[in-house]
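Summary of structural features
If you want the building blocks of each chain, they are given just below.
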Amino acid sequence: MTRQEAVDRLCDVYAGSYDVTRCEENEHALAATMDFYATAEKYVLSKKAKLWQANSFEYVYLFSVPHLTKEIYQQCELLAYEQGMARIQPGPNHMYTYISAIFLCDSCDPEARKALKRCHRYQSFRLSYWGWMDFHTALVVLPEESVATNASGHSAAQVLNQGLFHKQKKKLFRKERAL
């Protein structure tokens, strides 16, 4: 599978729930952005008597590079972080925002993979009363069909494995012994 085919497939997968915007080739290798918005609210008898409201957001930045180096990774991570943080508007109704940087590549330096796995960016707004932001990273090396993520990005790994390689986690069943 080529990187362009992978970008097309991921855009199709995310298009079901996300607003997908494809980007032209630029110096940061940004291939597409995907935005997700959700609002949950509870009210009594009428919508005028609202008990609570919670808004959730996710901003996904999809990068496509032939060979991922640590320098390219750091530039793209910073770009996703800065653009995502600029879009966050914390307030009493803001619950959380996830910013995800996904990298598609043909090969990867070990230093870049290590930096991606060690990435940890988290911020709470007003002691989490106005929500929080968590930064997810994921790396897909297409010829190897491998996916690597940081500690927060495991949900992205599931989407990438199922969407690109049709891999699903095998469920383990215990055999019950008859007593």
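Reading the values: the criteria
Residues numbered from 1 in each chain as written. Predicted model: local features only at pLDDT ≥ 70, side-chain atom pairs only at ≥ 80, totals over all residues. Heavy atoms only, no water. Helix = DSSP H or I, 4+ residues; strand = E, 2+ residues; numbered from the N terminus. Buried < 20%, exposed > 50% of the residue type's maximum accessible area, 1.4 Å probe, protein only. Contact = heavy atoms within 4.5 Å. Disulfide = S-S within 2.5 Å. Phe/Tyr/Trp six-rings, centres within 6.5 Å; stacked < 30°, edge-to-face > 60°. Expected span 1.5 Å × (residues − 1).

1. Structural notes on the side chain of His136
Inspection of the secondary structure puts His136 in strand S6 (residues 132-141). Under the relative-accessibility criterion, His136 is labelled buried at 4%. Dropping the residues within four chain positions of it, His136 is found in contact with Tyr98, Ile99, Ser100, Ala101, Asn150, Ser152, Gly153 and Ser155.

2. Quick notes on the state of the cysteines
Summed over all chains, the structure comprises zero disulfides. Counting only cysteine sulfurs, Cys23 is the nearest neighbor of Cys11, a cysteine outside any disulfide, at a range of 9.0 Å. By relative accessible area, Cys11 is classed as buried at 2%. With no disulfide of its own, Cys76 lies 11 Å from the sulfur of Cys105, the closest cysteine sulfur.

3. A few points about the packing of aromatic side chains
One pass over the structure, following the stated rule, counts ten aromatic pairs. On the numbers, 4.9 Å between centres and 90° between planes, the contact of Tyr14 with Tyr18 is edge-to-face. Accessibility classification places Tyr14 together with Tyr18 in one group, the buried group. A ring pair is formed by Tyr81 and Phe135, whose centres lie 6.1 Å apart and whose planes are at 75°; its orientation type is edge-to-face. Remark: Phe135 occurs in strand S6 and Tyr81 occurs in helix H2 (residues 70-87); sequence separation between them is 54 residues. In this pair, the class of Tyr81 matches that of Phe135, namely buried.

4. Re helix H1 (residues 3-14)
With twelve residues, H1 extends 16 Å between its outermost C-alpha atoms, agreeing within 8% with the 16 Å of an ideal straight helix rising 1.5 Å per residue. For H1, the secondary structure elements touched by its buried residues are strand S1 (19-22), strand S2 (30-43), strand S3 (50-68), strand S4 (94-108) and helix H4 (154-165).

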